[in-house]
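Chain by chain, the residues run as shown.
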Amino acid sequence: DRIIAPVPDKTQGMQQAFIRDTYAKAVGVVRESDVVVAIGYSFNSHDRGSYKTLLNAIIGKLLIVSPDADDVVRAVNRDFPHVSVQAIKATFKHWVAGSFPGLR
């Protein structure tokens, strides 16, 4: 299963029914997943409201695919120490070409 949770508008986006329902579905999928993959996402602290609920729901591993993965992992580990995070320092293209390392 794949869920791409929309990033809510900075104003009142989280109050919209579609956003709430999508996040509720995403949280359920994340809780049931062995591996959650974040591709090219920086987990910027200014966007914390859009990802905090999802990261708190992770029971398995969070795989971060990004050329800046080491920096992103450090930030996630600092703010979400309960999450098991693995860095894949690559672009999406290189991750795919390498047969998706980290998923096996």
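Higher on the page you've got the structure.
Every chain begins its residue count from 1, and numbering advances along the sequence as written. Given that the model is predicted, a residue must reach a pLDDT of at least 70 before its local features are reported, and side-chain atom pairs must reach 80 or more before they are shown or counted; all residues, however, enter totals for whole chains, interfaces and linings. Excluding hydrogens and water, the side-chain values take into account all heavy atoms of the structure.

Caption draft 1: Main features of the overall build of the protein. Under the scheme used here, helices are H or I runs from DSSP no shorter than 4 residues and strands are E runs no shorter than 2 residues, and both carry numbers assigned from the N terminus. When you go through the protein residue by residue, the secondary structure sums to four helices and three strands. The burial tally for the protein puts 35% of its 104 residues in the buried class. Residue contacts are defined here by distance: any two heavy atoms, one from each residue, within 4.5 Å place the two residues in contact. Sequence separation of at least 24 residues holds for 53% of the intrachain contacts in the protein that already meet a minimum separation of 6. Note on classification: 1.4 Å probe, protein chains only; a residue is buried when its accessible area is under 20% of the maximum for its type, exposed when over 50%, partly exposed between these limits.

Caption draft 2: Region of interest: the sheet that holds strand β1 (residues 35-39). Read across the sheet, three strands follow the order β1-β2-β3 without closing on themselves; strand pairing throughout is parallel. Of all strands in the sheet, those bounded by a partner on one side alone are β1 and β3 (84-88). On average, adjacent strands in this sheet sit at an angle of 20° to one another, irrespective of strand direction. Pairing of β1 with strand β2 (residues 61-65), which is carried by five bridges, proceeds in the parallel orientation. Bridge pairing in β2 places Val-37 opposite Leu-63. Docked against the sheet, helix α3 (residues 69-79) engages β2 and β3, running at close to 170° with respect to β3. Whether two strands pair depends on DSSP finding at least two bridges between them. Axes here refer to lines fitted to C-alpha atoms; in helices the fit is confined to the stretch in contact. Angles between the N-to-C directions go from 0 to 180 degrees.

Caption draft 3: Up close: helix α2 (residues 48-57). Looking at α2, one finds that the buried residues are Ser-50, Tyr-51, Leu-54, Leu-55 and Ala-57. Along the axis of α2, the buried residues cluster in a sector spanning 155°; they form a single face. Residues of α2 that are buried sit in contact with α1 (17-32), β2 and α3. It is the directions from the helix axis to the C-beta atoms that the arc portrays.

Caption draft 4: Structural view of a nonpolar patch on the surface. For patch building, the residue pool is restricted to those with more than 30% relative accessible area and no salt bridge; the joining distance is 9 Å between like charges and 5 Å between nonpolar side chains (Val, Leu, Ile, Met, Phe, Trp, Tyr). In these tables, accessible area is a Shrake-Rupley quantity obtained with a 1.4 Å probe, and a residue counts as shielded only by the protein chains included in the view. For this document, the term salt bridge refers to a Lys or Arg side-chain nitrogen within 4 Å of an Asp or Glu carboxyl oxygen. Taken together, the side chains of Val-37, Ile-39, Phe-92, Val-96, Phe-100 and Leu-103 define a hydrophobic patch exposed on the protein surface, amounting to about 450 Å² of accessible area. Here Val-37 is to be found in strand β1.

Caption draft 5: Representation of the nonpolar core. The term nonpolar core refers to a set of buried residues drawn from Ala, Val, Leu, Ile, Met, Phe, Trp, Tyr and Cys, joined through side-chain atoms within 4.5 Å. Counting residues in each nonpolar core, the largest one holds 22 residues, and the members touching the most others are Phe-43, Leu-55, Ile-58, Leu-62, Ile-64, Val-76 and Val-85. Secondary-structure elements contributing two or more residues to this core are α1, β1, α2, β2 and α3. Considering every element that reaches this core, the biggest residue donor is α1, with five residues. Setting aside residues no more than four positions away along its own chain, Ile-64 makes contact with Ala-38, Phe-43, Ala-69, Val-72, Val-73, Val-76, Val-85, Gln-86, Ala-87 and Ile-88. Residues Val-65, Ile-88, Ala-90 and Trp-95 belong to the second largest nonpolar core, which totals five residues.

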